[in-house]
Amino acid sequence: MPTSDATLNTLGMFCPIPVILTSKKIKEMSAGQVLEVLSDDKGIKKDMPVWCKNSGNELVELFETDGIVKIYVRKKA
């Protein structure tokens, strides 16, 4: 499991809120830092990789355990 510099809990929130909150939080972080996003929205597994590609940030890892999706995003420049 990657090490994160911050965690964003979006449990109970559904599209597009987790991606919007991720976008806001990542802007507060420094380049190279990693954000852990927790979500129970199944759509996040498709939405977050697309957002990372479009925003220029790196999707480090995405996995699901017991209905909770954990996503690690590294902020690029």
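Structure report, in brief. (Residues numbered from 1 in each chain as written. Predicted model: local features only at pLDDT ≥ 70, side-chain atom pairs only at ≥ 80, totals over all residues. Heavy atoms only, no water.)

As a further point, take the side chain of Asp41. With respect to the helices and strands, Asp41 occurs in the loop between β2 (34–39) and α2 (44–55). A polar contact of 3.1 Å, which involves the side chain of Asp41, links it to the backbone nitrogen of Gly43. Not counting the four nearest positions on each side in its chain, Asp41 is found in contact with Met13, Phe14 and Cys15. (Helix = DSSP H or I, 4+ residues; strand = E, 2+ residues; numbered from the N terminus. Polar contact = N/O pair within 3.5 Å; in protein donor to acceptor, adjacent residues only side chain to side chain. Contact = heavy atoms within 4.5 Å.)

Turning to the side chain of Lys75, a few remarks are in order. Position of Lys75 among the secondary structure elements: in the segment after β4 (68–74). For the buried Lys75, which has no salt bridge, the nearest side chain bearing the opposite charge is Glu28, at an N-O separation of 9.3 Å. Polar side-chain contacts of Lys75 include one of 3.4 Å to the backbone oxygen of Lys27. Contact partners of Lys75, with chain neighbours within four places excluded, come to Ile26, Lys27, Met29, Ser30, Ala31, Gly32, Gln33 and Asn57. (Buried < 20%, exposed > 50% of the residue type's maximum accessible area, 1.4 Å probe, protein only. Lys, Arg positive; Asp, Glu negative; His and termini not counted. Salt bridge = Lys/Arg side-chain N within 4 Å of Asp/Glu carboxyl O.)

The nonpolar side chains of a soluble globular protein tend to be buried with one another. Ile26, Leu35, Ile44, Met48, Trp51, Ile71 and Val73 are the most contacted members of the largest nonpolar core, which totals 14 residues. Looking at this core, the elements with two or more residues in it are β1 (6–9), α1 (17–27), β2, α2 and β4. The dominant element in this core, judged by the number of residues it contributes, is α2, at four residues. Beyond its immediate sequence surroundings of up to four residues, Ile71 is in contact with Leu35, Glu36, Val37, Ile44, Met48, Leu59, Glu61 and Leu62. (Core = buried A, V, L, I, M, F, W, Y, C linked by side-chain atoms within 4.5 Å.)

Quick look at the pairing of strand β3 (residues 58–65) now. Sheet topology places β3 next to β4; seven bridges connect them, and they run antiparallel. Within the sheet, the bridge partner assigned to Glu64 lies in β4 and is Val69. The hairpin turn running from β3 into β4, its antiparallel successor, is two residues long, and Asp66 in that turn takes a positive phi close to 55°. (Pairing = 2+ DSSP bridges.)

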